[in-house]
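In case you want the letters, here they are:
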Amino acid sequence: MSSLSRELVFLILQFLDEEKFKETVHRLEQESGFYFNLRYFEELVTNGEWDEVEKYLSGFTKVDDNRYSMKIFFEIRKQKYLEALDKRDRAKAVEILVKDLKVFATFNEDLFKEITQLLTLENFRDNEQLSKYGDTKTARGIMLGELKKLIEANPLFREKLQFPALKSSRLRTLINQSLNWQHQLCKNPRQNPDIKTLFVDHTCNLPNGARAPSPVTNPLMGSVPKAAGFPPLSAHGPFQPAPGAIPTPLAGWMANPSSMPHPSASAGPMGLAVPNSAAGILKRPKTPPGALEYQTADSEHIVKRPRPFGASDEALSNSAGNLPVNILPVAYPGHAHGHNALSPDELPKAVVATLSQGAPVMSMDFHPVQQILLLVGTAVGAVFLWELGARERIAVKGFEVWKIEVCSKALQASLSADYTASVNRVAWSPDGTLFGVAYSKSIVHIYASHGGSDIRNHLEIEAHAGSVNDLAFSYPNKQLSVVTCGEDRLIKVWDAVTGAKRFSFEGHETPVFSVCPHHKENIQFIFSTSTDGKIKAWLYDNMGSRVDYDAPGHSSTRMAYSSDGTRLFSCGTNKEGESFLVEWNESEGAVKRTYIGLGKRSVGIVQFDTTKNRFLAAGDESTIKIWDMDSTNPLTTIHADGGLPASPCIRFNREGILLAVSTTDNGIKILANSDGIRLLRTAESRPFAPSSVMKAPTVTGFGSPSANAGTSMADRAASVAAMDGSNNDSRSLTEVKPRITDDPMERSRTGKLTEISEPCQCRSVRLPDSLTATKVSRLIYTNTGQAVLALASNAVHKLWKWQKNDRNMSGKATANVTPQLWQPASGILMTNDISDTNPEDTVPCFALSKNDSYVLSASGGKISLFNMMTFKTMTTFMPPPPAATFLAFHPQDNNIIAIGMEDSSIQIYNVRVDEVKTKLKGHQKRITGLAFSQTLNVLVSSGADSQLCIWNTDGWEKQASKFLQIPNGRSMPPVSDTRVQFHLDQTHLLVVHETQVAIYIAPKLECWKQWFPLEASGPITSATYSCDSQSIYVSFEDGKVDILTAPNLRLRCRINPSAYLPSNPSSRVYPLVIAAHPSDPNQFALGLSDGGVQVLEPLETESKWGSSPPAEDSAGPSSATGVVSSEQHQR
């Protein structure tokens, strides 16, 4: 099939999808084999429609096409078989075994025998490998995740998983253009042609009733005459050239757009929805001369709503001779074909924490980058910043006017009479470096966030006369701005750096209730709503509003876009207590969909939010109601264990895995799904306890906002201006050079150092070992936290597992229980290939897959892939020279591996196709560290040359490189391992060298902080972040372990070797490697030079290592640079 014919199929698929011919869509997908609809496939699998699943798959692959296809069909049929066994339907299970599964016996007879033996078990879960099989729903979900990975890896599905990026109703638009061109070719064109069919080419009837033959005889996909080939339209007399299109999403809301770049307000009322005849608000604009109106079956409906002329650039040609014509109704593009399915089970429903606020909650906003930071504004004017991982309130700002003397007389009088205010809105800037607070008394405060509790006053603006009702950030002309609205009926735009007023929009007749700035392509605009239910839209040009229409029910309304910015929603409540949640058709300025299920309220306005580009949520009737964006009926209701007010305030975090909701007792409940629970468990600083009430001690956080701690506000704004307006952490930082602090007050600022020298002062366990003891070269916890894996210098791997029992209910690694040195029944060892070189001269390395099933490893020879269950060697590849010296899995694709080499190169290797995709060169000596940032899409490499390089993972170009800095008086060894590890925020980078521990900021590799130990301690042997990135564990050649507070590199605890090593003066034992537990931030393991492995934890009475030193003084100027600390000043 030709390329154009293939594209025609996609156009037909889009048309069928927009017309809701769902079964036909999927039949065409299957029969053409051009597009595999993952969403539809997921629905079939989730519903257990196994016959339909295989039928749909058959259009793309067969069982024996390749190993991926075989695995896909096997997993589906195995699940069908297990479900039959679970239902005790033995006859059905036997039928599936014989008809569906027997085909796999020729490929793996042992596996087929094992499957067959399940029939003999009363409960197949008695089989060890199936012991963790849960219920059917859970099992299908797990299998679905595996199937998606297999499909994405299968070469037969390449270029079939992504639907082309088409503008809405592309086929209709092409037909519109074709009819328009045909009309231009008419010998006797009529001003109001009557088009009744698409089956033959259009021609205007001759005066005597005869039809003139049309010169256009090309089939749809044939060659199309160029626009320049048509005679000028003006030659036909009454026809005039069309005005240029306005490339803005507002075009669909305008009846008479001007040809000016920023058209003035139109003369007549504009259109947002189907007109209300009683209100008489909208009138249909006159059709320009010559514009064709193709009357379809729903033309009666089309006539009732405004049809913007010249608004669609798809319907335009650059030639003046091409008249744009809207002939067929164009559907709304929000629901793109091939939209991924999401289960309601993925919504955050479990209550995992409760925050006590002490005052009614008015507004909430999650940090756009550090998604466990929650900003809360209350009715008494206080603003709180919560760190959900640490279960702590880390900053509080009460209502206080900073410079009352410069305020207006009216505001001073109001404050003199009543010095209180309520928070109406809190909002983060898109990169999280600023947040704004709108108060009920004229004032807007902008704060600068420098990480954790370091919140500094930035701007105080007397924004409006009376209450400031809403606030949002925007980027007109690539300049960060603050948009506000208020009781004075105005919308204002302020410079976020200087506080200067840039625009003021006037036109509402009642107080402005909300603002919603947005952009599409390069057009920036603002929607505003007022308390009388009016909706207006503004460009940044002081030229008046472009839209003037009534919100449904004349309600006080808030508007919001879906996360991807493609779908527009509004939700509001009118004076009668009726609430309206709707989706808008931007292209036509009409309500596309009205969601039902909202109750009537006596007080308050319903609050709503969107998440995952798929769900809508509203706080209503003391619950949280959820809708699928594509369905008007409520999908589910979340009760959050009760205790919610009638109209609770709600807010999702950016990924939609956490949900904050206000409570009747002036608190907030945090709800999470499984991913949210894992995020909190990873970030928490003590064992996770569901529904625990958070306390309010102050701590210092560390996250991406602190990346700007060393820049001025002008620098900060310049970096923001480079962003595209999305919520990605892509700010550009100025060069920050660290300085060495030689402050005599440093010692007093560090707080008391906790020193541990006795075994009774901590918990410690040495892991049992019956194998040959050689020094531990590499050490890691499994991702589940239930085992520790070590690689010894003799190329042998050792795995210790903790068992679940009465002493260890979780089955996680702990110093309270001695684990088992685990080996499979075969007794084999995982042993790396060893080259002819001396083992002491090799650089061992390994990497563990995310699901703990496989480990990649090398010890100077070939790279080996081991099965962690059986210890069998699955494959070996890449024989030396050069030898591999560091391994890292790509975070988004386990088939892609970054391999650091002895010859200083980095090879990007694709396991699936067994080939090196590219080779990166930038170091002078062997690679000693690799770390991926999934947020920034970069790979950071470090080498024995003490150099750092950063590579873009899209094209693998080198973006920056830096050599480690060292203070005067210290020498840099010629060859030394340098290791790198990303902070949880995926922006701050821990760099470990034998001379120092440093924090760099990606993607420009600015050195933010450095810490140099005493030379008497000996070289640093290893260091790592704790799982929550709040601590750094550092081991030394003299045997001690230092624990630093990550945000400021302050030493807070020291563990001397006497606390965990037996006293033996004749032997020198010290830690070579250190590993942090994946979910317990206070547990770590040491790999020792004598071959031992030691697990350490603080005493249960202490719960953490030492006490956090006080936060650094933040009273200095905002341009203060990062600090280089020296241990001499730490003691």
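Below: a short report on this structure. Quantities reported herein were computed from a predicted structural model and do not represent experimental measurements.

Some thoughts on the overall build of the protein
Here comes step 1: On a plain count of helices and strands, the protein comes out with 14 helices and 60 strands.
Here comes step 2: Looking at the protein as a whole, 56% of its 1131 residues qualify as buried.
Here comes step 3: Contacts spanning at least 24 positions in sequence make up 57% of the contacts within the protein whose residues lie at least 6 apart.
Here comes step 4: Approximately 46900 Å² of the protein is accessible, and the part contributed by carbon and sulfur atoms is 51%.

A few points about the sheet that holds strand S4 (residues 383–387)
Here comes step 1: Across the sheet, 4 strands lie side by side as S2-S3-S4-S5; this open sheet has antiparallel pairing. Each edge of the open sheet carries a strand with a single partner, namely strand S2 (361–366) and strand S5 (392–397). Across the sheet, the mean angle separating the axes of adjacent strands is 20 degrees when strand polarity is ignored.
Here comes step 2: With 5 bridges connecting them, strand S3 (residues 373–378) and S4 associate as antiparallel partners. Across the sheet, the residue bridging to Gly-377 is Val-383, located in S4.

Points about the pairing of strand S6 (residues 423–428)
Here comes step 1: With 5 of 6 residues buried, S6 lies mostly within the body of the structure.
Here comes step 2: When S6 meets strand S7 (residues 434–439), the two strands line up antiparallel, connected through 5 bridges. Within the sheet, the bridge partner assigned to Arg-425 lies in S7 and is Ala-438.
Here comes step 3: Here S6 folds back onto S7, and the loop between the two strands holds 5 residues, one of which, Gly-432, carries a positive phi near 80 degrees.

Section: helix H3 (residues 38–47)
Here comes step 1: Of all 10 residues that make up H3, 7 are buried, and the element is covered over most of its length.
Here comes step 2: Within H3 the residues assigned to the buried category are Leu-38, Arg-39, Tyr-40, Phe-41, Glu-42, Leu-44 and Val-45.
Here comes step 3: Looking at the buried side of H3, the elements it contacts are helix H2 (22–32), helix H4 (50–57), helix H5 (67–86) and helix H8 (136–153).
Here comes step 4: Between the side-chain oxygen at the start of H3 and the backbone nitrogen of Arg-39 there is a gap of 3.1 Å, and the oxygen is on Asn-37.
Here comes step 5: Remark: Gly-48 follows H3 within two positions and exhibits a positive phi of approximately 70 degrees.

Concerning the pattern of salt bridges
Side chains bearing opposite charge may pair, as long as their charged atoms lie close to each other.
Here comes step 1: The tally for this structure, following the rule as stated, stands at 39 salt bridges.
Here comes step 2: Taking the shortest distance from any N to any O, the salt bridge between Asp-418 and Lys-441 comes out at 3.7 Å. Here Asp-418 is found in the loop between helix H11 (409–417) and S6, whereas its partner Lys-441 is found in the loop between S7 and strand S8 (443–449), with 23 residues between them in sequence.
Here comes step 3: By relative accessible area, Lys-441 is classed as buried at 13%.
Here comes step 4: Across the pair Asp-628 and Arg-614 runs a salt bridge, and its minimum N-O distance is 2.4 Å. With Asp-628 in strand S24 (residues 623–628) and Arg-614 in the loop between strand S22 (607–611) and strand S23 (615–620), the pair connects residues that are 14 residues apart, well separated along the chain.
Here comes step 5: Three or more residues joined by partner-sharing salt bridges are found here, namely Arg-39, Glu-43, Arg-567, Glu-583, Arg-593 and Asp-630.

Some thoughts on the side chain of Thr-610
Here comes step 1: Here Thr-610 lies in strand S22.
Here comes step 2: Given a relative accessible area of 9%, Thr-610 falls into the buried group.
Here comes step 3: Reaching out from Thr-610, the side chain makes a polar contact with the backbone oxygen of Tyr-561 at a distance of 3.4 Å.
Here comes step 4: In contact with Thr-610, other than residues within four places in its own chain, are Tyr-561, Ser-562, Ser-563, Phe-569, Phe-615, Leu-616, Met-629 and Phe-652.

Focus on the packing of aromatic side chains
Here comes step 1: Applying the stated criterion across every chain, the model contains 28 aromatic pairs.
Here comes step 2: Look at Tyr-40 and Tyr-56: their rings are 5.0 Å apart centre to centre, the planes differ by 80 degrees, and that puts the pair in the edge-to-face class. Of the two residues, Tyr-40 is situated in helix H3 and Tyr-56 in helix H4; the sequence distance between them amounts to 16 residues.
Here comes step 3: On the basis of relative accessible area, Tyr-40 is assigned to the buried category, the value being 15%.

Things to note about the pairing of strand S21 (residues 590–595)
Here comes step 1: As defined by bridge partners, strand S20 (residues 579–585) adjoins S21 across 5 bridges and the pair is classed as antiparallel. The residue of S21 that forms the bridge with Asn-585 is Ala-590.

Let's talk about a nonpolar patch on the surface
Here comes step 1: Residues Leu-198, Phe-199 and Val-200 make up a contiguous nonpolar surface patch of about 360 Å² in total accessible area.
Here comes step 2: Note on placement: Phe-199 falls in the loop between helix H9 (170–184) and helix H10 (299–303).

Details of unusual backbone geometry
Here comes step 1: The omega torsion across Pro-881 and Pro-882 is -10 degrees, close enough to zero to call that bond cis.
Here comes step 2: For Pro-882, the position within the fold is in the loop between strand S40 (873–877) and strand S41 (884–890).
Here comes step 3: Going from Ala-1002 to Pro-1003, the amide bond is cis rather than trans, its omega being 10 degrees.
Here comes step 4: By the element assignment, Pro-1003 lies in the loop between strand S51 (996–1001) and strand S52 (1006–1012).
Here comes step 5: Even without glycine at this site, His-554 takes up a positive phi of about 55 degrees.
Here comes step 6: With respect to the element layout, His-554 can be found in the loop between strand S17 (547–550) and strand S18 (556–561).
Here comes step 7: A relative accessible area of 46% places His-554 in the partly exposed class.
Here comes step 8: Positive phi, normally seen in glycine, also occurs at Asn-666, with a value near 60 degrees.
Here comes step 9: Mapped onto the secondary structure, Asn-666 falls in the loop between strand S27 (658–662) and strand S28 (667–672).

A closer look at the sheet that holds strand S34 (residues 787–792)
Here comes step 1: Spatial ordering of the open sheet is given by S33-S34-S35-S36, a layout of 4 strands whose pairing is antiparallel. Lying at the two open borders of the sheet, with one neighbouring strand each, are strand S33 (776–781) and strand S36 (820–822). Within the sheet, the average angular offset between the axes of one strand and its neighbour, ignoring direction, is 25 degrees.
Here comes step 2: Relative to S34, S33 runs antiparallel, the two sharing 5 bridges. Bridge pairing in S34 places Tyr-781 opposite Val-788.

As for the environment of Tyr-1033
Here comes step 1: In this fold, Tyr-1033 is placed in strand S54 (residues 1031–1036).
Here comes step 2: Sequence-wise, Tyr-1033 and Thr-1045 are 12 residues apart; in three dimensions their C-alpha atoms are separated by 9.1 Å.
Here comes step 3: Not counting the four nearest positions on each side in its chain, Tyr-1033 is found in contact with Ser-1022, Ala-1023, Thr-1024, Ser-1026, Asp-1042, Ile-1043, Ile-1074, Pro-1081, Asn-1082, Gln-1083, Phe-1084 and Trp-1105.
Here comes step 4: Among the polar contacts made by the side chain of Tyr-1033, one reaches the main-chain carbonyl oxygen of Pro-1081 at a distance of 2.5 Å.

Rules behind the numbers
Throughout, a residue's number is its position along its own chain's written sequence, starting from 1. Owing to the predicted nature of the model, reporting of local features is limited to residues with pLDDT of at least 70; listing and counting of side-chain atom pairs is limited to 80 or more, with chain, interface and lining totals taken over all residues. Water and hydrogen atoms were dropped before computing side-chain values, which therefore reflect all heavy atoms in the structure. Here a strand is any run of E in DSSP of at least two residues, a helix any run of H or I of at least four, and the numbering for each starts at the N terminus. Residue burial is assigned from relative accessible area. The probe radius is 1.4 Å, only protein chains are included, and a residue is buried under 20% of its type maximum, exposed over 50%, and partly exposed in between. Any two residues whose heavy atoms approach within 4.5 Å at even a single point are treated as in contact. Each accessible area value is a Shrake-Rupley result obtained with a 1.4 Å probe; residue values ignore everything except the protein chains displayed when judging cover. A strand pair is defined by DSSP finding two or more bridges across the two strands. Fitted lines through C-alpha atoms serve as axes, helices being fitted only where they are in contact, and the angles separating the N-to-C directions of these axes extend from 0 to 180 degrees. Distance and chemistry together define a polar contact, namely a pair of N or O atoms within 3.5 Å, with one atom able to donate a hydrogen and the other to accept it when in protein, and with adjacent residues in sequence counting only for side-chain atoms on both sides. Salt bridges are counted wherever a side-chain nitrogen of Lys or Arg sits within 4 Å of a carboxyl oxygen of Asp or Glu. Working definition: rings of Phe, Tyr and Trp (its six-membered ring) pair if their centres are within 6.5 Å, and the pair is stacked with planes under 30 degrees apart, edge-to-face with planes over 60 apart, and tilted otherwise. Two distance rules govern patches: like charges are joined within 9 Å, and nonpolar side chains (Val, Leu, Ile, Met, Phe, Trp, Tyr) within 5 Å, applied only to residues with over 30% relative accessible area and no salt bridge.

Geometric descriptors of this kind do not, in isolation, establish any biological role.
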